[in-house]
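Chain by chain, the residues:
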Amino acid sequence: MTTQRTIELPQPNMESGNMLVNIGPQHPATHGVLRLLCELDGETVIKIDPDIGYLHSSFEKLGEYRTWNQIIPLTDRMDYLAPLMYNCVYVMAVEKLMGLEVTERCKIVRVLCMEMERIFSHLLWLGTTAIDVGAFTPFLYAFQERERIYKLHEAFTGARITTSATRVGGMMADLPEGWTDQLKDFVYTFPDTLDEIENLLTRNGIHLGRTQGIGCIPADEAINAGFTGPNLRASGVDYDLRKDRPYYDYESYEFDVPVGTKGDCYDRYLVRMEEMRQSLKILDQALARLPDGRINVDDPRVSLPSKTDCMNDMESMIHHFKIVTEGIRVPPGDCYFAVEGSKGELGMYVVSDGGEKPIRWRVRPPSFVNLSVLPQLAEGHQVSDLIMINASLDIVLGEIDR
Amino acid sequence: MPISTKIMERPEAVETSYLRAALKGMKITLKHMLNPKKVTQQYPEVETRLHPRWRGTHRMEVHADGRPKCVACGLCPTVCPANCIRLVGGEDDQGNRYPVVYEIDEFRCIFCGMCQEVCPVEAIHVGQDFENAEYTRERFVYDLDRLMNQDHPTTLLWDPADPLSE
Ligand code: SF4
Ligand code: SF4
């Protein structure tokens, strides 16, 4: 039996003479298809209701009708600002559930991918946030650098955003020739651009005026709100999954975890700028460690035989058909795996009943949690600060709505 | 401990005039104006170079005698996450299987490349092409003839001649 239910949107109290302003859903400053219902008293924000769901694609439900490997293309559409990171986390969760140990080379390649994506995502954040406070130039410089990472994506995976580059047990393909040199070149030259952007923003009076003391959240409140990632660290809590719950040998890399002191927009800016530099450090170390050898595991449960084998050898051919038509079988159970994503703790929870499809797939979305604090942060600020606060939280709507 | 915590220093809020801040920024942007390095792509006039691994419009490989290489095994419609391949298999008088109908809806396709990854006879390929705009939706459903007559190079992602990606 189906029952009909009307969902009522919260209505602001209009009797006080306040004004209701609708920002979004189609507004460039909301960084996606986000609608903010604002109750304003003149220029001052009294109350905000973020209204989400305009980008809802029911990825999690779709995933229940896809085999384990077919879900991978869904993950990169979730956060199109750091696609490879989502690809990696998902397969890492499935591998954990299967008890599958990937090869050393694959581990390092995934570390490379994830740190590259951190820079990729922070650069977009940097550019768009700078635009929101009226600085157009950093946007152009940031996007020039992003273009280089797009090129790296394209060279490695064959697509610029929709990478779908991982497979359970490895990657879709090994790194192409010359890719590491290209990445090295990026690692060595990118700091110049970063310095330039810092020159433009870090001590710029206009930027300071727009960000310092705006949207402060103290450490205890940030923890209560469920903040993770750069937003939490800006409030002075040095919580970083790479340090506190290391995966993929992160504990053996040498890098700093930047933390802020006040937890305002400016601290969030400082922390992200430093994180990009630290990611470069990790990239540099990982590139030096990159071993030769196989990238995909040699495990008959997950790995496809090579095409040459497939054409010459009946056994391999049958194996190939079995894996493709039946899909990978994951033992029954559930597992949660989280990494330090570019926007916070990014976790994947998968439940298997032993079949070729998950019976539940759930994402722990950092942006969603970060957005939930926006009403609290923006209350009492001006409308123009609301835009800045919203930008400084670094949200991506694809992942919020899923 | 190789991982340490770094507390970010905040510069004191200095009272600067906005004009000076703007001029300082101007100095950096002007330097860029004189930089001879050009980054804008003049796309329609100058053709973009795609990377050899680009996953784009499909192409069906053909035998020397003009038959499609596809053996209608049904793996690609099974693996396709977007369910956009329609295949009806048949058998000719020598017992060879061939596709009677093979259609790819390029509109639904998400260019993941999994069809090429699983094809056991290397028949279907994604290719290095992206300029496939059309005026009607129907035109996006590529039938077998159209797939066989594509002439762009195919992707090198799963190229058996390239040992790195095998
Ligand atoms: S590229 Fe992916 S979505 Fe497109 S036809 Fe092949 S398997 Fe289907
Ligand atoms: S996988 Fe290859 S051989 Fe099999 S149906 Fe698809 S194109 Fe034909």
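Please read all numbers here as calculations on a predicted model, not as lab measurements.

Looking now at the overall build of chain A. Across its full length, chain A carries 17 helices and nine strands. Dimensions of chain A along its principal axes, counting C-alpha atoms only, are 80 × 65 × 35 Å. Each of the 402 residues in chain A was classed as buried or not, and the buried ones make up 51%. Considering only contacts within chain A whose residues lie at least 6 apart along the sequence, 68% involve residues at least 24 apart.

Moving on to the overall build of chain B. Secondary structure summary: chain B contains four helices and six strands in total. Along the chain direction, N to C, the helices and strands of chain B fall in the order β-α-β-α-β-β-α-β-β-α. For chain B, whose C-alpha radius of gyration is 26 Å, the value lies well above the compact-globule estimate of 15 Å for 166 residues. Taking the principal axes of its C-alpha atoms as reference, chain B extends roughly 90 × 50 × 30 Å. Counting the 166 residues in chain B, one finds 28% classified as buried. Within chain B, residue pairs in contact and separated by at least 24 positions form 73% of the contacts whose partners lie at least 6 positions apart.

For the rest of this paragraph, the subject is the site of ligand 1. Near ligand 1, the surroundings consist of 15 residues, among which B:C80, B:A82, B:C109, B:C112 and B:C115 are the closest. Counted by class, the shell around ligand 1 contains 14 nonpolar, one polar and no charged residues.

Let's shift gears to the interface of chain B and chain A. In this complex, chain B contributes 40 residues to the contact, which on the side of chain A involves 52 residues. If you list the elements that add at least two residues to the side of chain B that touches chain A, you get β1 (3-7), α1 (18-34) and α2 (75-79) of chain B. Here the residues of the side of chain B that touches chain A sort into 24 nonpolar, ten polar and six charged. Direction of pairing for strand β6 (residues 255-259) of chain A relative to β1(B): parallel, over a ladder of five bridges.

A few words on the site of ligand 2. Among the 13 residues in the neighbourhood of ligand 2, the closest are listed as B:C70, B:C73, B:C76, B:C119 and B:I124. Of the residues assigned to the shell around ligand 2, the class counts are twelve nonpolar, one polar and no charged.

All names here are of chain A. Interhelical geometry of helix α3 (residues 83-98) versus helix α4 (residues 104-132) gives an angle of 140 degrees and a closest axis separation of 7 Å. Relative to α4, the element α3 lies oblique. Considering the relative orientation of α3 and α4, their crossing is left-handed. Between α3 and α4, the residues in contact are L84, M85 and C88 and R110, C113, M114, M116 and E117, respectively. Looking at the contact of α3 with α4 residue by residue, the classes come out as six nonpolar, no polar and two charged.

Residue and element names in this part refer to chain A. The strand order across the open sheet built from three strands is β7-β8-β9, with neighbouring strands paired in antiparallel fashion. Only two strands of the sheet have a single neighbouring strand rather than two, namely β7 (333-340) and β9 (358-364). On average, adjacent strands in this sheet sit at an angle of 10 degrees to one another, irrespective of strand direction. Bridge analysis of β7 against strand β8 (residues 345-352) gives eight bridges, and the strand direction is antiparallel. The residue bridging Y336 from the neighbouring strand is Y349, located in β8. In this fold α3 packs onto β7 and β8, with an angle of close to 140 degrees to the strand it touches most, β7.

For the rest of this paragraph, the subject is helix α13 (residues 314-326) of chain A. In a regular helix each residue adds 1.5 Å, so 13 residues correspond to 18 Å; α13(A) covers 18 Å between its end C-alpha atoms and thus fits that length. Taken from the residues just after α13(A), A:G327 is the one with a positive phi, measuring 80 degrees.

Moving on, we get to the sheet that holds strand β1 (residues 19-23) of chain A. Residues and elements named next belong to chain A. Taken together, three strands build an open sheet; the order of strands is β1-β2-β3 and the sheet is antiparallel. Each of the sheet's edge strands pairs with one partner strand only, and the pair in question is β1 and β3 (44-51). The sheet shows a mean angle of 25 degrees between the axes of neighbouring strands, taken without regard to direction. Where strand β2 (residues 35-41) meets β3, seven bridges bridge the pair, whose relative direction is antiparallel. Along β3, the bridge assignment pairs R35 with D51.

Negative phi is the rule for most residues except glycine; trans is the rule for most peptide bonds. In this structure, A:S58 takes a positive phi of about 45 degrees despite not being glycine. The class for A:S58 is exposed, based on 11 C-beta atoms found within 10 Å. In this structure, B:A72 is a non-glycine residue whose phi angle is positive, near 55 degrees.

Reading guide: rules and limits
- Residues numbered from 1 in each chain as written.
- Chains lettered and ligands numbered in written order.
- Predicted model: local features only at pLDDT ≥ 70, side-chain atom pairs only at ≥ 80, totals over all residues.
- Helix = DSSP H or I, 4+ residues; strand = E, 2+ residues; numbered from the N terminus.
- Buried ≥ 20, exposed ≤ 12 C-beta atoms within 10 Å, placed from the backbone.
- Contact = placed C-beta atoms within 7 Å.
- Rg over C-alpha atoms; globule rule 2.2 N^0.38 Å.
- Near = placed C-beta within 6 Å.
- Nonpolar A, V, L, I, M, F, W, Y, C, P; charged D, E, K, R; others polar.
- Pairing = 2+ DSSP bridges.
- Axes fitted to C-alpha atoms, helices over the stretch in contact; angles between N-to-C directions.
- Parallel < 35°, antiparallel > 145°, perpendicular 65-115°, else oblique.
- Left-handed = near helix turned anticlockwise from the far one by under 90°.
- Expected span 1.5 Å × (residues − 1).

Purely geometric stuff here, so don't read any function into it on its own.
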